[in-house]
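An overview of the molecular structure
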Amino acid sequence: QVQLVESGGGLVQAGGSLRLSCAASGRTFSSSAMAWFRQAPGKEREFVAAIGWSGGSTYYADSVKGRFTISRDNAKNTVYLQLNSLKPEDTAVYYCAARRSMLVAVTTSPAYDYWGQGTAVNVSS
């Protein structure tokens, strides 16, 4: 079982930056693909970024490519999402997700088995 707790959300002006963190419990973190998804008010949850076990493979939605960076520190059981050049359309609740051990990173939400409670990001224009 994996428990995920996100932090780092908040209110920021357009063009600003935030770093989201997701702390994971459980012994299988280092072999679990991780991802970030987001859900804006009135919209469906969408993929943002994913990272493989070792951090060597990363994937991004086209809408965030070049602005967001996903990374992980397996020694700290934590995955990060650096958000730069934020836009008002980035406003959403951001969720951390984990796959079961030894599965590759993918971009579809049903493939993820464990989810955090979310952290809200609000970008003002």
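Anyway, here's the lowdown on the structure attached to this text. (Residues numbered from 1 in each chain as written. Predicted model: local features only at pLDDT ≥ 70, side-chain atom pairs only at ≥ 80, totals over all residues. Heavy atoms only, no water.)

Turning our attention to the pairing of strand β8 (residues 78-83). Counting buried residues in β8 gives five out of six residues, a clear majority hidden from the surface. For strand β3 (residues 18-25) and β8, the ladder comprises six bridges, and the chain directions are antiparallel. Each bridged residue has a counterpart across the sheet, and for cysteine 22 the counterpart in β8 is valine 79. As defined by bridge partners, strand β7 (residues 68-73) adjoins β8 across six bridges and the pair is classed as antiparallel. When the bridges of β8 are listed, threonine 69 appears paired with glutamine 82. (Buried < 20%, exposed > 50% of the residue type's maximum accessible area, 1.4 Å probe, protein only. Helix = DSSP H or I, 4+ residues; strand = E, 2+ residues; numbered from the N terminus. Pairing = 2+ DSSP bridges.)

All right, on to the pairing of β3 then. Relative to β3, strand β1 (residues 3-7) runs antiparallel, the two being bridged by five bridges. In the sheet register, valine 5 faces β3, and the bridge partner there is alanine 23.

Bringing the pattern of salt bridges into the picture now. Tallied over the full model, the rule gives five salt bridges. Note that glutamate 46 and arginine 38 form a salt bridge whose closest N and O atoms lie 2.6 Å from each other. With a relative accessible area of 35%, glutamate 46 lands in the partly exposed category. What makes arginine 38 buried here is its relative accessible area of 5%. Measuring nitrogen to oxygen at the nearest pair gives 2.9 Å for the salt bridge that ties aspartate 90 to arginine 38. One end of the pair, aspartate 90, is in the loop between β8 and β9 (92-98); the other, arginine 38, is in strand β4 (residues 34-39), with 52 residues separating them in the sequence. Look at the salt bridges and you will find they share partners, linking Arg38, Glu46, Arg67 and Asp90 into a network. (Salt bridge = Lys/Arg side-chain N within 4 Å of Asp/Glu carboxyl O.)

With respect to the element layout, phenylalanine 29 can be found in the loop between β3 and β4. As for phenylalanine 29 and glutamine 82, which are separated by 53 residues in sequence, their C-alpha atoms are 20 Å apart. Excluding anything up to four places from it in sequence, phenylalanine 29 contacts Ala24, Met34, Arg72, Asp73, Asn74, Asn77, Thr78 and Val79. (Contact = heavy atoms within 4.5 Å.)

Taken as a whole and assessed by the stated rule, the structure comprises three aromatic pairs. Summarising the aromatic geometry, the rings of phenylalanine 37 and phenylalanine 47 are spaced 5.7 Å apart at their centres and angled 70° between planes, so their arrangement reads as edge-to-face. On the criterion of sequence distance, the pair formed by phenylalanine 37 in strand β4 and phenylalanine 47 in strand β5 (residues 46-51) is long-range, its members being 10 residues apart. Of the two residues, phenylalanine 37 and phenylalanine 47, neither departs from the other in class, the shared state being buried. Each ring, one from phenylalanine 37 and one from tryptophan 115, has its centre 5.1 Å from the other, and the planes form 50°; the classification is tilted. You can see phenylalanine 37 sitting in strand β4 and its partner tryptophan 115 sitting in strand β10 (residues 114-115), a full 78 residues away along the chain. (Phe/Tyr/Trp six-rings, centres within 6.5 Å; stacked < 30°, edge-to-face > 60°.)

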